[in-house]
Amino acid sequence: MPRYIGVMSGTSLDGLDIALIEHDSTVSLIATHYIPMPATLRAELLGLCASGPDEIARSAIAQQSWVTLAAQGIHALLDQQNLKPEDIRAIGNHGQTIRHEPARGFTVQIGNPALLVELTGITVVSDFRSRDVAAGGQGAPLVPAFHEALFGESTGNRAVLNVGGFSNLSLIETDKPVSGFDCGPGNVLLDAWINHQRGEHFDRDGQWAASGKVQPQLLNTLLGDAFFATKGPKSTGREVFNLGWLQQHLDGLPALLPQDVQATLLELTALTIIESLQSAQPRTETLLVCGGGAHNGTLMNRLAALLPSTQVCSTAAYGVDPDWVEAMAFAWLAHCCLEGIAANRPSVTGARGLRVLGAIYPA
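Residues numbered from 1 in each chain as written. Predicted model: local features only at pLDDT ≥ 70, side-chain atom pairs only at ≥ 80, totals over all residues. Heavy atoms only, no water.

## Quick look at the environment of serine 130
Selection rule: Strands are runs of DSSP state E lasting at least 2 residues, helices are runs of H or I lasting at least 4, and numbering of each runs from the N terminus. Only protein chains enter the accessibility calculation, which uses a 1.4 Å probe; a residue is then buried when its area is under 20% of its type maximum, exposed when over 50%, and partly exposed in between. Any N or O atom pair separated by 3.5 Å or less is treated as a polar contact, with the protein-specific requirement of one donor-capable and one acceptor-capable atom, and with residues adjacent in sequence counted only for side-chain atom pairs.
Among the secondary structure elements, serine 130 is positioned in helix H4 (residues 130–134). Note on serine 130: relative accessible area 26%, which makes it partly exposed. Between the alpha carbons of serine 130 and leucine 357 there is a distance of 7.9 Å; along the sequence they are 227 residues apart. Within the local environment of serine 130, its side chain forms a polar contact with the side chain of aspartate 127, the two groups lying 2.6 Å apart.

## Quick notes on the sheet that holds strand E8 (residues 166–172)
As a reminder, the rule being used: Strand pairing requires that DSSP identify at least two bridges connecting the strands. Structural elements are reduced to axes, namely lines fitted to C-alpha atoms, with helices fitted over the stretch in contact, and the angle between N-to-C directions of any two is expressed from 0 to 180 degrees. Throughout, a residue-residue contact means that at least one pair of heavy atoms, one from each residue, lies within 4.5 Å.
Taken together, the five strands give an open sheet; going across it, the order is E9-E8-E7-E10-E11, and neighbouring strands pair in mixed fashion. Each edge of the open sheet carries a strand with a single partner, namely strand E9 (179–185) and strand E11 (311–314). Strand after strand, the sheet turns through a mean of 20 degrees between neighbouring axes, direction not considered. Against the sheet, helix H5 (residues 144–151) engages strand E7 (158–163), E8 and strand E10 (286–290), with an angle of about 50 degrees to E8.

## A look at helix H9 (residues 243–251)
Three- or four-residue spacings in an α-helix give side chains the same orientation, since the helix completes a turn every 3.6 residues. For the record, the criterion: Read the arc as the range of directions from the helix axis to the C-beta atoms.
All buried positions along H9 are accounted for by Trp245, Leu246, His249 and Leu250. Mapping the buried residues of H9 onto a view down its axis gives an arc of 135 degrees, with all of them on the same face. Turned more than 90 degrees away from the buried face of H9, the exposed residues are Gln248 and Asp251. In the core, the buried residues of H9 are packed alongside helix H6 (188–198), helix H8 (216–223) and helix H10 (258–280). Sitting at the amino-terminal end of H9 is asparagine 242, which places a side-chain oxygen 3.1 Å from the backbone nitrogen of glycine 244.

## Here's the deal with the packing of aromatic side chains
For any two aromatic rings, the description comes down to two numbers: the centre-to-centre distance and the angle of the planes. Basically, it comes down to this: In this analysis, rings of Phe, Tyr and Trp, with Trp reduced to its six-membered ring, are considered paired at centre separations within 6.5 Å, and the interplanar angle assigns stacked below 30 degrees, edge-to-face beyond 60, and tilted for intermediate values.
Using the criterion set out here, one finds six aromatic pairs in the structure. Here the aromatic rings of phenylalanine 227 and phenylalanine 241 are separated by 5.8 Å at their centres, their planes lie at 85 degrees, and the arrangement is edge-to-face. Of this pair, phenylalanine 227 sits in the loop between H8 and H9 while phenylalanine 241 sits in the loop between H8 and H9, and the two are 14 residues apart along the sequence. Phenylalanine 241 carries the same exposure label as phenylalanine 227, and that label is buried. Here the aromatic rings of phenylalanine 241 and tryptophan 245 are separated by 4.9 Å at their centres, their planes lie at 80 degrees, and the arrangement is edge-to-face. Given a relative accessible area of 0%, phenylalanine 241 falls into the buried group. Residue classification places tryptophan 245 among the buried residues on the basis of a relative accessible area of 7%. Members of the aromatic cluster, each reached through a chain of ring pairs, are Phe227, Phe228, Phe241 and Trp245.

## What about the pattern of salt bridges?
Note the following rule: Within this document, salt bridges are pairs made up of a side-chain nitrogen of Lys or Arg and a carboxyl oxygen of Asp or Glu, the two lying within 4 Å of each other.
On inspection of all chains with the given rule, the structure shows nine salt bridges. The salt bridge involving arginine 198 is made with glutamate 200; its shortest N-O contact spans 3.7 Å.

## What to know about the UniProt feature "binding site: ATP" (unreviewed entry) in the protein
Put simply, the rule is: UniProt positions are given in the numbering used here, feature names are shortened, and annotations may be inferred rather than shown by experiment.
With numbering matched to this structure, UniProt assigns "binding site: ATP" (unreviewed entry) to Gly10, Thr11, Ser12, Leu13, Asp14, Gly15, Leu16 and Asp17. Here glycine 10 lies in the loop between strand E1 (3–9) and strand E2 (15–23). With respect to the secondary-structure elements, aspartate 17 resides in strand E2. Each residue touching aspartate 17, except ones within four places of it in the same chain, is listed here: Gly6, Val7, Met8, His33, Tyr34, Asp323, Trp324 and Ala327.

## Regarding unusual backbone geometry
With an omega dihedral of -10 degrees, the bond running from alanine 140 to proline 141 counts as a cis peptide bond. Note the cis peptide between glycine 232 and proline 233, where omega equals 5 degrees. Of note, proline 233 is situated in the loop between H8 and H9. We note that leucine 13 has phi near 60 degrees; this positive angle belongs to a residue other than glycine. With respect to the element layout, leucine 13 can be found in the loop between E1 and E2. Leucine 13 gets classed as buried once you look at its relative accessible area, which sits at 1%. Even without glycine at this site, asparagine 112 takes up a positive phi of about 30 degrees.

## Observations concerning the pairing of strand E5 (residues 106–110)
Direction of pairing for strand E4 (residues 90–101) relative to E5: antiparallel, over a ladder of five bridges. Looking across to E5, one finds that arginine 99 is bridged to valine 108.

## A few points about the nonpolar core
Convention followed: Nine residue types can take part in a nonpolar core, namely buried Ala, Val, Leu, Ile, Met, Phe, Trp, Tyr and Cys, and a core is a set of them joined through side-chain atoms within 4.5 Å.
Among the nonpolar cores identified, the biggest contains 42 residues, and Leu161, Leu169, Leu246, Leu265, Leu287, Val289 and Leu303 are the most heavily contacted of them. Among the elements that take part in this core, H10 stands out by supplying nine residues, more than any other. Apart from residues no more than four positions distant in its own chain, leucine 161 is found in contact with Ser167, Asn168, Leu169, Ile273, Leu287, Leu288, Val289, Cys290 and Leu303. If you look at the next biggest cluster of nonpolar residues, it comprises 34 residues, including Val320, Met328, Phe330 and Ala334.

Next comes the structure, spelled out in C-alpha cells:
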C-alpha cells in the first residue's frame, strides 16, 4: 500500500508531529515521531505572527530551521521503520502558520518545501490552504474532510472537535455533506496566560484552571468579541486572539487572581465550543475530541457537563490516537493532491467549489 508522511506544526508551537500512514481503501497509522520545538525557534515563530523589523529575512531564516528540524524527524522515523525515502510516496507538509487573514485574501504557512525535498529525497506536497482562499474560502479548517473519511461511516449525528491552539468542529450527519468551522480559542489563551504568569508552556490537565473560579464579568466581556457572534464558515488565528487581546479586556476590570483568569479562559473555550455545536448541530450523539485539548481533563469534564445527553470522548475510543489526527490529515491531503481528488469542502470553508489542494515539489 502507498505510504505517506504528514508533518504538522500547530498554533501551539509546542513541536512537530510526524505521522506515517498507509492509504488504500482505508487510512492506517503506522508510526509516529515527535520533535519538541526549540525555544529559540518557537520564540522567533511567535514573533513572526505579528509585524516586525526585517520580517521577510527573519521568516526565510526561520523556515530553514523549521525544515531542517522536520527533515531530522522524518529521517528518524524512517530509520525506526527500516524504510528508505523511495518507500514513501509523498510528504504532506503543512508548514507553520504565521499569518491567517482570509478576509484580506491570504494565509501564510512557512515550510520551504523545496528544501524539504532536498533534505529528504521525497516528493513534498505543501501550501494546502492557498487554493481554497483563492476560491473565496477561509482556507481552514481543512481537516473535516479527513474526519469524515475516518469517522463518517457510522449512522447518527457526530462531531469531531480538534482542540489545538484554536478549536474547530467537524459536523458529520448521515446523508449530508460534512460541515465545520473554527469555534475560537482552544489552548492559545490558556497557554499564553500560564506562560505569562508562571513561565510554563501549558496547563497540565487543566490543574491550574481547576484551582481558580470563573469570573462572570471577565467571561462576559470576552464573549462579547464579534467573532463569536458570526456563523460558519469562519476561521481565526493569533491575529485576533492573543495575550494582548486578553490584556485589553483585563485592563478595564478590577484586579483578578491569575488562577481565576485561567479558569475563566477555560470556560471561554468550553462555552464557545458548546454554543457553536448546539447552534449548528443541536442533536449531536457523540463528540470525539482530538488535539492537545483531549488530554486536558478539566476541559473534557466541562464539555461533558455542558453536554449531558452527548457522549464526549477522545478519538482514542474509536481507535485513533488524538495526538496524531492532524498530522495524519496532512498525509492524507498529500494523497488527495497526487490523485487529483478535491479535499476542501465548500460547506466548511465557504469556497466557490471543490478544489484540489496543494502544490507538488517532485523528488
